[in-house]
Amino acid sequence: MVKSMTGYGRAVETVNGRQFTVELRSVNNRYLDCTVKAPRSLSFAEEAVKQTVKNSISRGKVDVFVTIHSENGVDATVTLNAAVVKGYLAAMEQMAEKYPVKNDISVSLLSRMPEVFSVEKPEVDEEQLAKALESFDAMRVAEGKALENDLRSRGATIEELVGQVEEGNAQTVVDYRQRLENKIKEVLASTNIDENRILTEAAIFADKVAVDEETVRLRSHLQQMYGMLTTGGAVGRKLD
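Residues numbered from 1 in each chain as written. Predicted model: local features only at pLDDT ≥ 70, side-chain atom pairs only at ≥ 80, totals over all residues. Heavy atoms only, no water.

(A) Spatial organisation of the overall build of the protein. Within the protein, the regular secondary structure consists of seven helices and six strands. Its helices and strands taken in sequence order, the protein reads β-β-β-α-β-β-α-α-β-α-α-α-α from the N to the C terminus. The buried share among the 240 residues of the protein stands at 25%. Partitioning the contacts of the protein with sequence separation of at least 6, the portion at a separation of at least 24 is 77%. As displayed, the protein has an accessible area near 16100 Å², and 53% of this comes from carbon and sulfur atoms. (Helix = DSSP H or I, 4+ residues; strand = E, 2+ residues; numbered from the N terminus. Buried < 20%, exposed > 50% of the residue type's maximum accessible area, 1.4 Å probe, protein only. Contact = heavy atoms within 4.5 Å. Areas by Shrake-Rupley, 256 points an atom, 1.4 Å probe, with all protein chains shown as cover.)

Here it is in C-alpha cells:
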C-alpha cells in the first residue's frame, strides 16, 4: 500500500476533567523530522511522543500539537509527604534545643525543604495519541491511493503511446523506402532501379531510426513502477 507523506490527524479525549487534543500535520521531507509542541507541563513526555510517531511514520516533516483544556481537573496533583515533614520538624526542634538559635519553624520554611511535596504530572495518553495517528494514517492512505491511481493512469497512457511508437516505427521504414524509390525514379527518369541498393538504403535508415532499445527500457521501467506501487511502503525515492 502506497501512503502519502502529507496528511492530518486529530483526536480529542477528556481525562479527569482535562480535555486533551492531539493534532498531527505532515509535509514532504527526505527523512523523518518530528517536532512536538506541547504545554510546559507535558515537556517531559516529548521523547515518548516522538518515539510513538517514529513507530508509525518513516518519512516526512511531522508537527505534533498537544493542547490541554482544564475544566474541573488540575494539571498536577500535589501531595504532602507527612513522614518527611515529621523528620524535618524533629530535626529542627532538636537543633533549637541544642543550639542557641531562635525556634522560628513555620509552614513557609518547611515548604521550601526538599521532598516535602510530591508532584504527580498527568501521564501522556498513548491511546489518544494512537487515535490521532490512526486518523492521520487514514488520510495518508487515502491520498496515497489517489496518487497511486494517478500514476497507474499515466503509466497506462505512456504504454499506449509506446505501442503507437512501435507500430509507427515499422511503417516509417516502409514509407521511407517508398519515398526513396520514387525519388530515384524521378531523378533517373527510369524504372530500371537497383533493388539491392534500395534495400541497403532502407536498412541503413531503419537502423538509424530504431527505437526498440528505448521502448523496451521504458516498458521495463513501467513494470518496475507497477511493482513498487503494489509492494507499497516508503517507495518515493525509488519512484523518483
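(B) Local environment of the environment of Gln224. Within the element layout of this structure, Gln224 appears in helix H6 (residues 212-231). Separated by 14 residues in the primary sequence, Gln224 and Lys238 have C-alpha atoms spaced 9.6 Å apart.

(C) Representation of the pattern of salt bridges within the structure. Counted according to the given criterion, the structure contains nine salt bridges. For the salt bridge of Arg10 with Glu23, the shortest nitrogen-to-oxygen distance reads 3.8 Å. Of this pair, Arg10 sits in strand S1 (residues 7-15) while Glu23 is found in strand S2 (residues 18-27), placing the two residues 13 residues apart along the sequence. A relative accessible area of 45% means that Arg10 is categorised as partly exposed. Owing to a relative accessible area of 18%, Glu23 belongs among the buried residues under this scheme. Put simply, Arg154 and Asp150 hold a salt bridge, and the shortest N to O gap is 2.8 Å. You can see Arg154 and its partner Asp150 sitting in helix H4 (residues 126-188), four residues apart, about one turn around the helix. (Salt bridge = Lys/Arg side-chain N within 4 Å of Asp/Glu carboxyl O.)

(D) Representation of the confidence of the model for the protein. With 84% of its residues at a pLDDT of at least 70, the protein reaches an overall mean of 79. Ranking the helices and strands of the protein by mean pLDDT puts helix H2 (residues 82-98) first, with 89, and helix H5 (residues 195-209) last, with 72. (pLDDT = per-residue confidence, 0-100.)

(E) Geometry of unusual backbone geometry. Its identity as a non-glycine residue notwithstanding, Glu115 has a phi of 65°, on the positive side. Its location among the elements puts Glu115 in the loop between helix H3 (107-111) and strand S6 (117-120). Owing to a relative accessible area of 62%, Glu115 belongs among the exposed residues under this scheme.

(F) Inspection of a nonpolar patch on the surface at higher detail. Together, Val78, Leu80, Phe117 and Val119 make up a nonpolar patch on the protein surface, roughly 390 Å² of accessible area in all. When residues of the nonpolar patch are traced back to their parent elements, those giving at least two are strand S5 (77-80) and S6. The topology assignment puts Val78 in strand S5. Overall, the relative accessible area of 54% leaves Val78 in the exposed class. (Patch = residues over 30% accessible without salt bridge, like charges linked within 9 Å, V, L, I, M, F, W, Y side chains within 5 Å.)

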